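Close look at the chain arrangement
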Amino acid sequence: MKSISFVIKQHIKSYVQNRMLPRVYKKAALSTKVDKNKVIFAEMHSNTLPNSMMAVYDALKASGKDITLYVRDVKDMSWPETFRFMKAFMKDYAAAGYVYICSYFLPVSSCKKREETKVIQLWHSGGLLKKMGYDTLDDIPKSYKGNVTANYDLVTVSAPVCVNYWKKALRLPAGITKALGLPRTDIYFDKKWTDKCRARFEKIYPEAKGKRVVLYAPSFSGNAASPKAPGLDMGLEKAFANLNDVFLIVRPHPLMRRVYPQYFDKRYKAISTDRLLPVTDLLITDYSSILFDYSIFRKPFIMFCPDIEEYEKNRGFYADPRSFPAPFITKKDELIKCVEYKLYLDKCKDEDLYNFYQEYMGCCDGKSTMRLLKEVERLK
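Attention in this report is confined to the structure presented alongside it. (Residues numbered from 1 in each chain as written. Predicted model: local features only at pLDDT ≥ 70, side-chain atom pairs only at ≥ 80, totals over all residues. Heavy atoms only, no water.)

**Let's talk about the overall build of the protein chain**
Cut-off, in case you're wondering: Numbering of helices and strands runs from the N terminus, with a helix taken as a DSSP run of H or I at least four residues long and a strand as a DSSP run of E at least two residues long. Only C-alpha atoms enter the radius of gyration; for comparison, a globular chain is expected to reach 2.2 Å times N to the power 0.38, where N is the number of residues. The classification of residues rests on relative accessible area computed with a 1.4 Å probe and restricted to protein chains. Under 20% of the type maximum is buried, over 50% is exposed, and intermediate values are partly exposed. Here the open area of atoms and residues is found with the Shrake-Rupley method and a 1.4 Å probe, where only the protein chains shown may cover a residue. Charge convention: Lys and Arg are scored as positive, Asp and Glu as negative, and His as well as the terminal groups of each chain are ignored. Think of each charge as sitting on NZ of Lys, CZ of Arg, CG of Asp or CD of Glu.
Counting its regular elements, the protein chain contains twelve helices and eleven strands. Taking 21 Å as the expected radius of gyration for a compact globule of 380 residues, we find that the protein chain reaches 22 Å, a close match to that expectation. C-alpha atoms of the protein chain, sized along the principal axes, occupy 70 × 50 × 40 Å. Within the span of the protein chain, comprising 380 residues, buried residues form 53% of the whole. Of the roughly 18800 Å² that the protein chain leaves accessible, carbon and sulfur atoms contribute 53%. Taken together, the 64 basic and 43 acidic charged side chains of the protein chain have centroids lying 7 Å from each other.

Right, dumping it as structure tokens:
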């Protein structure tokens, strides 16, 4: 049974979304014209510009666009602060030529927007694995009134195979979802950047020298309010410490920060997970989209999914993780053995890894930002 406070919060959210924000927008629209040079980047899950937006932001900034940022983590704001933030956004939204988002941003879908304003969804993950959007209650509960993806004019995905799944999951009209690649992945093709990542890694983790770098990056099950990651409770660090040629780094999903604060230390702040990918020799993950970023480097990985049956039942998949070109493991002892004796090499063949990258991330080729911005220019 839902608590009284939960019910009250849902009513407040519904009022703000369906009544207050549309009124603010309509009033602002009466006294403003759309300025095609005015660009907004909006996000409510971070206090800094997300990595998913950085490449597009830099390109537009260099071209002289007038950019306004609405970037705050809603968890760090009080109710009054949240209201002020959303009201300010709606006023600028009414006059903006373009709005870029990279996750669900409910204010952008709270009312019918002006046709001249274009909303571009960059999203924050690539590939195709776990169900999302309206295909799962973990993302959008039945109690939500409205359409969280209304007003989208363009959604970019990492490969053609993703298009129809995203169209259905986000309930988008035909032609909105396009395989243009993810702009944030362009940097992976920059050798100067990868060299800097390696130099930074060697400075932060000097004890890893001469060892196989193994990155364990699990996702979470359940919803964002109560995330779980069973693999983190198995004592993998202690087990891997017995393997002399292995250096293990554990990087949980950012939403696990409050549950496992020990992994979000000074080193976590000093070098982000994406900057570990160029120096990682073996990735161990479960349902995290980091797998698809990592596939660009075409290196071995292991699918470690101890809760596969529960996850499959409660959320489900678009692609079967057992079919990937990597060992599929559910037991801790099997995982340790696979890493110790490099058994993963039998499954992770070069040609298969390349085909995997092409299937799920093929449009992430170092030119995604340029391709996306050209597509944005064609929006009418």
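Continuing now.
**Details of a positive patch on the surface**
For clarity, the cut-off: Like charges are joined within 9 Å and nonpolar side chains (Val, Leu, Ile, Met, Phe, Trp, Tyr) within 5 Å, but only among residues with over 30% relative accessible area and no salt bridge; these make up the patches. The rule for a salt bridge is simple: a side-chain nitrogen of Lys or Arg has to be within 4 Å of a carboxyl oxygen of Asp or Glu.
A cluster of like positive charges, contributed by R257, R258, K266 and K269, occupies part of the molecular surface. Structurally, the position occupied by K269 is in helix α7 (residues 266-270).

**So, the packing of aromatic side chains**
Which entries qualify depends on this criterion: The criterion for an aromatic pair is that two Phe, Tyr or Trp rings (for Trp, the six-membered ring) have centres within 6.5 Å, with stacked assigned to planes under 30 degrees apart, edge-to-face to planes over 60 apart and tilted to the rest.
Scanning the entire structure with this criterion turns up 29 aromatic pairs. Seen in terms of ring centroids, F41 and Y100 are 5.0 Å apart; in terms of plane orientation they differ by 15°. Their pairing is stacked. In this pair, F41 sits in strand β1 (residues 35-43) while Y100 sits in strand β3 (residues 96-101), placing the two residues 59 residues apart along the sequence. For the pair formed by F41 and Y100, the shared burial category is buried. Ring geometry for F301 against F356: centres 5.5 Å apart, planes inclined by 35°, an arrangement best described as tilted. Of this pair, F301 sits in strand β10 (residues 301-304) while F356 sits in helix α11 (residues 350-361), and the two are 55 residues apart along the sequence. Overall, F301 belongs to the buried group, its relative accessible area being 1%. The class for F356 is buried, based on a relative accessible area of 5%.

Everything listed here is a matter of geometry and, on its own, says nothing about what the molecule does.
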